Amino acid sequence: MGFRLPAIRRASFTASQAASKSVQVPKGYIAVYVGETQKRFVLPISYLSQPSFQELLSQVEEEFGYDHPMGGLTIPCSEDVFRHITSRLSGQ
């Protein structure tokens, strides 16, 4: 199953904006920032082993590399696409 990431321009953030978003993430979870508004999602790390989530991460790496100015993982797809993917993962 393939996912196509729509091109989204990168938002620029200041250090103070990044610091204000750096809140503790519970053990066993990972924070990701999604979409143009960089909405923060906290996901179980078990998602990292799911093939559809790994495919999404591979596309992010291919298209945008490892530059993540927010300090967390940045996924430049729409929030709707991201919610669709993660809703299917939470049901597994």
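Throughout this document, residue positions are counted from 1 along each chain, in the order its sequence is written. In keeping with the model being predicted, local features are shown solely for residues with a pLDDT of at least 70 and side-chain atom pairs are shown and tallied solely at 80 or more, while totals for entire chains, interfaces and linings include all residues. The side-chain values count all of the structure's non-hydrogen atoms but skip hydrogen atoms and water molecules.

As annotated in an unreviewed UniProt entry, the chain carries the name Small auxin up regulated protein and comes from Flemingia macrophylla. Quoted verbatim from the Sequence similarities (unreviewed entry) heading of the UniProt record, the comment on the chain is "Belongs to the ARG7 family." UniProt positions are given in the numbering used here, feature names are shortened, and annotations may be inferred rather than shown by experiment.

*Asks:* So what exactly am I meant to see when it comes to unusual backbone geometry here?
*Replies:* Excluding glycine, residues mostly have negative phi values, and the peptide bonds linking residues are mostly trans. Despite not being glycine, Gln 38 has its phi angle at roughly 55°, a positive value. Within the fold, Gln 38 resides in the loop between β1 (29-34) and β2 (39-44). Judged by relative accessible area, Gln 38 falls into the buried class, the value being 7%. Secondary structure counts use DSSP, requiring at least four H or I residues in a row for a helix and at least two E residues in a row for a strand, with both numbered from the N terminus. Each residue is placed in one exposure class: buried if its accessible area under a 1.4 Å probe, protein chains only, is under 20% of its type's maximum, exposed if it is over 50%, and partly exposed if it falls in between.

*Asks:* Explain the sheet that holds β2 here, please?
*Replies:* Picture the strands of a sheet paired through backbone hydrogen bonds; they go either parallel or antiparallel. Any two strands between which DSSP finds at least two bridges are classified as paired. Spatial ordering of the open sheet is given by β2-β1-β3, a layout of three strands whose pairing is mixed. The open sheet has two edge strands with one neighbour each: β2 and β3 (73-75). Along the sheet, successive strands turn relative to each other by an average axial angle of 35°, direction set aside. We call two residues contacting when some pair of their heavy atoms lies within 4.5 Å. Comment: axis = line fitted to C-alpha atoms, over the contacting stretch for helices; angle = value between 0 and 180 degrees taken between N-to-C directions. Against the sheet, helix α2 (residues 51-64) touches β2 and β3, its axis set at about 90° to β3. Helix α3 (residues 79-90) rests against β1, β2 and β3 of the sheet, and its axis sits at about 10° to β2.

*Asks:* In this structure, what is going on with the nonpolar core? I would like to understand it.
*Replies:* The nonpolar side chains of a soluble globular protein tend to be buried, and buried together. Ranked by size, the top nonpolar core spans 14 residues in total, and within it Val 32, Val 34, Leu 43, Phe 53, Ile 75 and Phe 82 carry the most contacts. Contributions of two or more residues to this core are made by β1, β2, α2, β3 and α3. Remark: nonpolar core denotes a set of buried residues (Ala, Val, Leu, Ile, Met, Phe, Trp, Tyr, Cys) joined through side-chain atoms within 4.5 Å.

*Asks:* I keep staring at the pairing of β1 and nothing clicks. Help me out?
*Replies:* Regular strands have side chains that alternate between both faces of the sheet. Taken together, the six bridges between β1 and β2 define a ladder with antiparallel strand orientation. Bridging from a neighbouring strand, Val 32 pairs with Phe 41 of β2. Here three bridges tie β1 to β3, and the two strands are oriented parallel to one another. Paired with Tyr 33 across the bridge in β3 is Thr 74.

*Asks:* What should I look at first to understand the packing of aromatic side chains in this one?
*Replies:* Pairing of aromatic rings covers Phe, Tyr and the six-membered ring of Trp, with a centre-to-centre limit of 6.5 Å; geometry is then stacked below 30 degrees between planes, edge-to-face above 60, and tilted otherwise. Enumeration according to the criterion identifies three aromatic pairs in this entry. Between the aromatic rings of Phe 53 and Phe 82, the centroid separation amounts to 6.4 Å while the plane-to-plane angle is 65°, which identifies the pairing as edge-to-face. One end of the pair, Phe 53, is in helix α2; the other, Phe 82, is in helix α3, and 29 residues separate them in sequence. Judged by relative accessible area, which is 0%, Phe 82 ranks as buried. A connected cluster of aromatic rings, assembled from ring pairs, spans Phe 41, Tyr 47, Phe 53 and Phe 82.

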